[in-house]
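Here's the letter readout for the chains.
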Amino acid sequence: MKRLIIDCDPGNGVAGANVDDGLALALALAAPEISLELITTVSGNTPSDVGYAVASDLVARLGMSVEVARGASRALIEPSAPWREHLDHKVDKVGLRHLWKDVHAPQMLAEVAPMAVHKMGELICANPGEISLIAIGPLTNVALALQLYPQMANAVKEIVIMGGVFNVDGYLKDTNFGVDPEAAHAVLTSGANIVLVPMDVTTQTMMTHQDLDALATCNNHLSRFLVETIRPWMDFSIQTRQLPGCWIHDVLTVAWLLEPELVSWTRDYVDVSLSGLSRGRTLRYGPEHLRLAVNVEAPQGKPVTLLQTVDNQRLLALIDGHIRRFS
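Calculation rules
- Residues numbered from 1 in each chain as written.
- Predicted model: local features only at pLDDT ≥ 70, side-chain atom pairs only at ≥ 80, totals over all residues.
- Heavy atoms only, no water.
- Phe/Tyr/Trp six-rings, centres within 6.5 Å; stacked < 30°, edge-to-face > 60°.
- Helix = DSSP H or I, 4+ residues; strand = E, 2+ residues; numbered from the N terminus.
- Buried < 20%, exposed > 50% of the residue type's maximum accessible area, 1.4 Å probe, protein only.
- Pairing = 2+ DSSP bridges.
- Axes fitted to C-alpha atoms, helices over the stretch in contact; angles between N-to-C directions.
- Contact = heavy atoms within 4.5 Å.
- Salt bridge = Lys/Arg side-chain N within 4 Å of Asp/Glu carboxyl O.
- Polar contact = N/O pair within 3.5 Å; in protein donor to acceptor, adjacent residues only side chain to side chain.
- Core = buried A, V, L, I, M, F, W, Y, C linked by side-chain atoms within 4.5 Å.

Going by what an unreviewed UniProt entry lists, the protein is known as Pyrimidine-specific ribonucleoside hydrolase rihB and is assigned to Cedecea lapagei.

Right, let's get into the packing of aromatic side chains. Per the counting criterion, the structure on display carries two aromatic pairs. Seen in terms of ring centroids, W100 and F236 are 5.8 Å apart; in terms of plane orientation they differ by 65°. Their pairing is edge-to-face. Within this pair, whereas W100 is found in the loop between α3 (81–93) and α4 (116–126), its partner F236 is found in helix α11 (residues 221–241), the two being separated by 136 residues in sequence. Taken as a pair, W100 and F236 share a single burial class, namely buried. By the ring-pair criterion, three or more aromatic residues cluster together here, those being W100, W233 and F236.

With that settled, consider the sheet that holds strand β7 (residues 263–268). Spatially, the eight strands line up as an open sheet ordered β3-β2-β1-β4-β5-β6-β10-β7, and their pairing is mixed. In this open sheet, the two strands that pair with only one neighbour each are β3 (67–70) and β7. Each strand of the sheet is rotated relative to its neighbour by a mean of 25°, with strand direction disregarded. Two elements, strand β1 (residues 2–8) and strand β2 (residues 34–41), share seven bridges in a ladder whose sense is parallel. Along β2, the bridge assignment pairs I5 with L38. Across the sheet, helix α2 (residues 48–62) lies against β2 and β3, angled at about 170° from β3, the strand it touches most.

With that settled, the discussion passes to the pattern of salt bridges. Where charged atoms from two side chains of opposite charge come close, those side chains can pair. The final tally for this structure, using the stated rule, is 16 salt bridges. As a salt-bridge pair, D57 and R61 come within 3.6 Å of each other at their nearest N and O atoms. Of the two residues, D57 and R61 both sit in helix α2, four residues apart, roughly one turn of that helix. Judged by its relative accessible area of 15%, D57 falls in the buried class. Here R61 ties to E228 by a salt bridge, and the two come within 3.2 Å at their closest N and O atoms. Linking R61 in helix α2 with E228 in helix α11, this pair joins segments that are 167 residues apart in sequence. Overall, the relative accessible area of 31% leaves R61 in the partly exposed class. The network of salt bridges with common partners includes R3, E37 and E130.

All right, on to the side chain of T229 then. Along the polypeptide, T229 turns up in helix α11. T229 gets classed as buried once you look at its relative accessible area, which sits at 1%. Side-chain polar atoms of T229 contact the backbone oxygen of F225, separated by 2.8 Å.

Right, let's get into the nonpolar core. Judged by nonpolar contacts, the single largest core of 70 residues is most densely connected at I6, L36, I39, I230, I248 and V254. Apart from residues no more than four positions distant in its own chain, I230 is found in contact with V19, L23, M207, L212 and C246. Counting residues in hydrophobic clusters, the runner-up holds 36 residues, among them A145, Y149, M152 and F166.

Structure (structure tokens):
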């Protein structure tokens, strides 16, 4: 049994917000090999209180008892206002809010204390070597937990991160690392066992309306949640990104744990730039892979496992199979 914490910024049911976190949560909840023991939310794709409402709504709709904890509402240093303007208001700027008119929106909950960092750190440190942490939003909660619980870097079994981008057209940086570069730097250089799932591999994924139609035939609570909330985002993605469907970035973190053969991978040192035009940009710079290393500082931390390619059809089959068997 794989024991998991998922730290996320879900947006299922929220107009203009990405839904890949919800798909990752759904796969983790459906897979019998996984014990999802804690869900924490962070400000990124959605504000942390909105993500808290989305995750709580999903758990309640399924009648499950997984604990959900709200986390950080802002980055360590990066100003949040420009990111919130981009992430929360783009749907109106492109005139596509109507795509969500028939979607059940999560009910906002009474504000609760942001206890995610403490719950994350305490659970991992109380169970050394047993808990895998999946981080599919900005890494603010994880960085704070590592700071408050220094033993966590050695106690966590692994941290599987969806974040970073090396060579995808149109992206100097991705949202997860861009929203909080200092947090990404702290986590990537912490010395913890890290698996990095960058956009270079997640943009090889694709889910289409035909895939959703197949998922709809499952007709269980989980498939209905996914079909209802993914369809408008898929249409939004088709219209704004000229894709045949939508990328399903975050779910690859869970799929990697369930079926590592889906992907190819390598090992290297990774960090994040913290200044200038490249602020938030992901850097891969293992000394043995650099042809020119003049004035390049020695890497911090240790090499990470870096996913490179994915078999998208096998990924879709894995998702469909687990959702179909969910009860």
